[in-house]
Amino acid sequence: MTAYSQRPLLGATLLLAAYYVLLALNGQRLGFHTPEALFLSEKSLIIWQGVGDKVAVLGLTFPVVPFFVSLPFCALFPLAGPVIASSLGMALLFFLILDDQRRLTMPLLVQVGTALSFVAHPGLLFSATSGQGTYTVLLFGYLFFRSLLTYYQSNTTYHVSMASLFLLGLVFSEVDFSWLCLFLLPLVLFISLQSLSLRGEDTLSRLGLAFNNVSLRRKLINKSLALVILLFMLPLASLFIFSLLNSVYAGDPQYFLDNPYANASVVTSQLFRQQFANYTADLVQTDTSVLISIRRLLYAPLILLSLLSVRGRSYQLLTLLSPLLLVEFLHVKDPSVPTQIEFYQIFLVLGWAGLTVIPVPRLRAVNGLAFTLLLVQIGVSGFRLLNSSYPIERSFLRDVLVLNPSRQPEARDDDSLIQFVRQLPETTRILTDDATAYSFIARTERVRPFLLAYQQSYLSAYDNPAPFVQYILAHNTANDPQAQFSMTNTRYVDAIQRRTGRRLSLVMKSPDWSIYALTPNRTVAASLVAK
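Residues numbered from 1 in each chain as written. Predicted model: local features only at pLDDT ≥ 70, side-chain atom pairs only at ≥ 80, totals over all residues. Heavy atoms only, no water.

As a further point, take the packing of helix α10 (residues 180–195) against helix α12 (residues 214–250). At a minimum axis separation of 9 Å, α10 and α12 run at an interaxial angle of 145°. In this structure, α10 crosses over α12, and the sense of that crossing is right-handed. Where α10 abuts α12, its residues Cys181, Leu184, Leu185, Val188, Leu189, Ile191, Ser192, Leu193 and Ser195 lie against Leu220, Lys223, Ser224, Leu227, Val228, Phe232 and Leu236. Each residue belonging to the contact of α10 with α12 can be placed in one class, and the counts come to 12 nonpolar, three polar and one charged. (Axes fitted to C-alpha atoms, helices over the stretch in contact; angles between N-to-C directions. Helix = DSSP H or I, 4+ residues; strand = E, 2+ residues; numbered from the N terminus. Left-handed = near helix turned anticlockwise from the far one by under 90°. Contact = heavy atoms within 4.5 Å. Nonpolar A, V, L, I, M, F, W, Y, C, P; charged D, E, K, R; others polar.)

As structure tokens, this is what we get:
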């Protein structure tokens, strides 16, 4: 495709990016913030404004790719940085998919359906405007599967090398995709067997011929080993080295997975596990069946066209089925945590990547069906969001997609506390635990007043706050279940008053947060001691 012919697509991409940014900023104006976006904003604020040793924050925050993509945008727009990054990332995905479709001369109706999906599909709009790392999963997921399918057609190892790079980005966007290597291992054998060009009616007969001949067996093993190294060595070795870095700097190779200071999903996952164990009424668990692949196919029925077109080609079929095996495995591995949105949306881009293996004449014969399936995907996505296990996804349709410029933001309970912190002098220090307070800190757009866990004096201030801070931001345990994971909750305030004999004055309070001021040393009232 010439540069001139790409200009309309570039223009459409820029318009789509502007549409995403406006939609995201309107959502923030109305008070819509996803936990991961606030987490990335707070970590970026530490890098750009914080005082202390920031190496661990910079090097161990996970997911890595969304964090580093958001980092430069947060330097200029601390709160809006992650949503700007996600908007631009989804616009780039739109450009790549439409560019492939135009280069392959796919039917116009398919291209229109694809463009309409990026404009109106609720799941894709959530990925573009939420600031979560879902957009990097979709981007690298499409590039990875597209490279593999292209390799099958060209048999050029360059595409395998690129697929390895894209798999690296996919793993460092969502670590559970590292299990995809397990389900792609048989694929390597099928690819190597196909390259030997053996005669045989089916795969098993060709496999028997290869293993019964010493020369062919050696070639098959060498090719399989070379493909394994070329495809899987880079992402798995990088993940191993990253675990070693976590072990060196944090003393735990699983720090980036299990510690709330490094990963925003830790607290949410722990809450779901508690609810699952206790069978509480608040748990909305949509993936109750072990056979959950049907739900994914209903969410992304376009992939059915690709599956039908590659029947009889085992290596291409296995490539398209591997994500289905992955989500089944993850659900059995930990049924207490509901499936995240990226494990639904990956099948959307897999469907678009699968269209590239369908011969264009055959695709023209079913372009009406393809367009219908694209429209069905839009409707099913809205239904899935309304029934999601995650409250932030359920609120997206109400708070963001209902675009009403005249609608005014509702007053939030924490607004007065946030304004109070913004107006404090630069020399003021506030002790808090950003394992859960990252959402509050990000909305203040100031990190300098806070004494946080990454700073060397944090533990000393936690034991004896008076010499280090003037205020304590406490998480209220009575109202927010996340407060149980905070070191500075209201139980800590009571304990510090008993231990130090220092009265803490309540300055301001909301349902989730309380700000206490340290007053001159005096004996705690007998009623407080008697608690």
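A few words now on the environment of serine 269. Secondary-structure assignment places serine 269 in helix α14 (residues 265–278). Counting along the chain gives 69 residues from serine 269 to proline 338, while the straight-line C-alpha distance between them is 8.7 Å.

The next thing to look at is the packing of aromatic side chains. Under the defined criterion, the tally for this structure stands at 23 aromatic pairs. Between phenylalanine 118 and tryptophan 352, the ring centres sit 5.4 Å apart and the planes meet at 20°, which makes this aromatic pair stacked. Placement of the pair is phenylalanine 118 in helix α6 (residues 108–120) and tryptophan 352 in helix α18 (residues 342–355), with a sequence separation of 234 residues. Its relative accessible area of 0% is what places phenylalanine 118 among the buried residues. Directly above the ring of tyrosine 299 sits arginine 384, whose terminal nitrogen or CZ lies 6.0 Å from the centroid. (Phe/Tyr/Trp six-rings, centres within 6.5 Å; stacked < 30°, edge-to-face > 60°. Buried < 20%, exposed > 50% of the residue type's maximum accessible area, 1.4 Å probe, protein only. Lys NZ or Arg CZ within 6 Å of the ring centre and 35° of its normal.)

This brings us to the confidence of the model for the protein chain. Put simply, the protein chain has an average pLDDT of 87, and 90% of its residues get 70 or more. Across the protein chain, the element-wise mean pLDDT spans from 33 in helix α27 (residues 526–529) up to 97 in helix α5 (residues 81–103). Overall, residues 521–531 carries pLDDT values under 50, and its contacts beyond four positions in sequence, including any with other chains, amount to 17 contacts. (pLDDT = per-residue confidence, 0-100.)

Positionally, serine 395 belongs in the loop between α21 (391–394) and α22 (396–401). Residue class for serine 395 comes out buried when judged on its relative accessible area of 10%.

Bringing α18 into the picture now. Along its 14 residues, α18 runs 20 Å from first to last C-alpha, staying within 8% of the 20 Å computed at 1.5 Å per residue. For α18, the buried fraction is high: 14 of the 14 residues fall into the buried class. (Expected span 1.5 Å × (residues − 1).)

For helix α9 (residues 157–171), which comprises 15 residues, the first-to-last C-alpha distance of 21 Å matches the rise-based estimate of 21 Å (1.5 Å per residue) to within 8%. Every buried residue of α9 is listed here: His159, Val160, Ala163, Ser164, Phe166, Leu167, Gly169, Leu170 and Val171. On its buried face, α9 sits against α4 (64–76), α8 (134–154), α10 and α12.

On to the nonpolar core, then. Counting 97 residues, the largest nonpolar core has Met90, Leu93, Phe118, Phe144 and Trp352 as the members making the most contacts within it. With 13 residues, α8 is the single largest residue contributor to this core. In contact with tryptophan 352, not counting residues within four places along its chain, are Ile97, Gln101, Thr114, Ser117, Phe118, Leu124, Tyr142, Leu302 and Leu374. (Core = buried A, V, L, I, M, F, W, Y, C linked by side-chain atoms within 4.5 Å.)

Taken as a whole and judged by the stated rule, the model has nine salt bridges. Arginine 103 is the salt-bridge partner of aspartate 100, the closest N and O atoms lying 2.7 Å from each other. Taken together, the residues span about one helical turn, with aspartate 100 and arginine 103 both in helix α5 at a distance of three residues. Residue aspartate 100 is classed as buried on the basis of its relative accessible area, which comes to 11%. Across the pair glutamate 426 and arginine 446 runs a salt bridge, and its minimum N-O distance is 3.4 Å. (Salt bridge = Lys/Arg side-chain N within 4 Å of Asp/Glu carboxyl O.)

Attention now goes to the sheet that holds strand β3 (residues 471–475). If you walk across this open sheet you meet the five strands as β2-β1-β3-β5-β4, and the pairing is mixed. Looking at strand neighbours, the two that pair on one side only are β2 (450–451) and β4 (504–509), the edges of this open sheet. Inspection of the sheet shows strand β1 (residues 430–431) paired to β2 by two bridges, in the parallel sense. Among the inter-strand pairings, leucine 431 is bridged to a residue of β2, identified as leucine 451. Each of β2, β3 and β5 (513–518) is contacted by helix α24 (residues 434–444), which is oriented at about 80° to β5, the strand it contacts most. Each of β1, β3, β4 and β5 is contacted by helix α26 (residues 490–500), which is oriented at about 135° to β3, the strand it contacts most. (Pairing = 2+ DSSP bridges.)

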